[in-house]
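Fold and contact review
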Amino acid sequence: MTEVNPTQRIQDEQRQYLSTVSKEAGFAFAGKVFGLLFGFLAQAVFARLLGADLLGVFVLGWTVVFVYTILTTLGFEQSFVRFLSKYQSTGRFGEARSVFLLGVRVSLVGAVIGTLLMILLRSPLANQVFNEPRLERLIVWIALAVVPFSLMRILAGALRALKDIRGFIIGFDVSHRIGRFVLFVVLYFLGFTLYGIVWATIGATVLSAALLLRFLKRRGPFFFDRSVAPKPIPRKSIVLYSGAMLADSFMAFLMQHSGRIILGIFLVSADVGVYNIAALIATLVTMVLLSFNTIFSPVISDLYHRDRLDLLEPIFHSVTRWAVIMSLPIYLWIVIAGETTLAVFGTEFVRGYGAMVIMATGLLIAISTGPVGVMLSMTGHQKWNVYN
């Protein structure tokens, strides 16, 4: 019997993991490309039909929902990626079910409380924080998206943990974009403008949550199987980790969306609308790295908890190299054709070109460091993400 060379075995395993990461990341990238291209079409339609002013009002309302869902999920969507991946890969389905049930229950209770708080605080949010009276009535409606959107985030985290990238992309990204667009067009031609996009967003969120639930039942039936008895889990460690991830997610949100909030406080809604489109285009630079992160996160958790750093290190370097090389053409397109692209949304949006280039440049520099954020989070060093 021929003895396998240890070095050759490691290289074979490395190629196998790289093949898995690149294949799933390729699907994630294709899904994100489709989602973003369709998203551009949808945003162009929204901008043309609503104008910068009404679009800015909606963006402020949806930003508030986004903040609430970060808080209501309490970091469990990231905890799922780490702990569910760890337990599922070792066949410990009882522990995996316990973590899943804990996260869903906590998030749903938080979402209901968040919805009520958002409605109760609608007047100070609209009139004192954003100085936009139209937000007060709008918040009553858009608050209804907090529960289904929280559920979307939790279920998407579970699918990522199970490495079901297809289900995650289709359920969380593609279906929500298409659903909102179709519903908005129908409602617009029925005579609804601002509330048309609000109701379309609520309807699309409910449909996407239902689709994600269906995908998860198919990929992880043990989560819903009553015959799989929940087993004891380190609740304190999981809750502490989730709390750290909540802080990390909230800081990341502030970095990404603080511009919208600050503009909403000090300037008019039209400026928020222009900035929103500029930021949307600038974040295209991150599309490649985010696609890799989608599948790389559970792979990191799997390899790290099996003490396979000999595989994890070279895969990390490869992912970083691929992300930088593939992101450069997107950045150059934004710099060279940025004004032309903004004009597609309307001439009033062209003034956002300078801000767009500055944001894209900063994001490219961040990409050059590789997927360090998910590496820290999936290896138990999430506190450094918060400090950073």
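Considerations on the packing of helix 2 (residues 76–89) against helix 6 (residues 146–161)
- Two elements in contact, helix 2 and helix 6, have axes separated by 8 Å at closest approach and are oriented at 25°. The pairing of helix 2 with helix 6 is recorded here as roughly parallel in orientation. In this structure, helix 2 meets helix 6 at a crossing whose hand is right-handed. In this structure, helix 2 contributes Phe76, Glu77, Gln78, Phe80, Val81, Leu84 and Ser85 to the contact, and helix 6 contributes Arg153, Ile154, Gly157, Ala158, Arg160 and Ala161.

Concerning the nonpolar core
- In this structure, Leu84, Phe100, Met118 and Ile281 are the most contacted members of the largest nonpolar core, which totals 112 residues.
- The dominant element in this core, judged by the number of residues it contributes, is helix 1 (residues 6–73), at 17 residues.

Topic: unusual backbone geometry
- One non-glycine residue with positive phi stands out, namely Leu74, at about 55°.
- Residue position: Leu74 is located in the loop between helix 1 and helix 2.

With respect to the confidence of the model for the protein chain
- The pLDDT averaged across the protein chain works out to 81; a share of 85% of its residues lies at or above 70.
- Looking over the protein chain, one finds the lowest element-wise mean pLDDT in helix 15 (residues 383–387), namely 60, and the highest in helix 8 (residues 194–219), namely 93.

With respect to the side chain of Thr69
- Within the element layout of this structure, Thr69 appears in helix 1.
- Its relative accessible area of 0% is what places Thr69 among the buried residues.
- Beyond its immediate chain neighbours, meaning those up to four positions away, Thr69 contacts Val146, Phe149, Ser150 and Arg153.

Overview of the environment of Leu280
- Among the secondary structure elements, Leu280 is positioned in helix 10 (residues 269–282).
- For Leu280, a relative accessible area of 19% gives the class buried.
- Along the backbone, Leu280 and Phe40 are 240 residues apart, and their C-alpha atoms lie at a distance of 8.6 Å.
- What Leu280 contacts, discounting residues up to four positions off in sequence, is Phe40 and Gln43.

Calculation notes
Residues numbered from 1 in each chain as written. Predicted model: local features only at pLDDT ≥ 70, side-chain atom pairs only at ≥ 80, totals over all residues. Heavy atoms only, no water. Axes fitted to C-alpha atoms, helices over the stretch in contact; angles between N-to-C directions. Helix = DSSP H or I, 4+ residues; strand = E, 2+ residues; numbered from the N terminus. Parallel < 35°, antiparallel > 145°, perpendicular 65-115°, else oblique. Left-handed = near helix turned anticlockwise from the far one by under 90°. Contact = heavy atoms within 4.5 Å. Core = buried A, V, L, I, M, F, W, Y, C linked by side-chain atoms within 4.5 Å. Buried < 20%, exposed > 50% of the residue type's maximum accessible area, 1.4 Å probe, protein only. pLDDT = per-residue confidence, 0-100.

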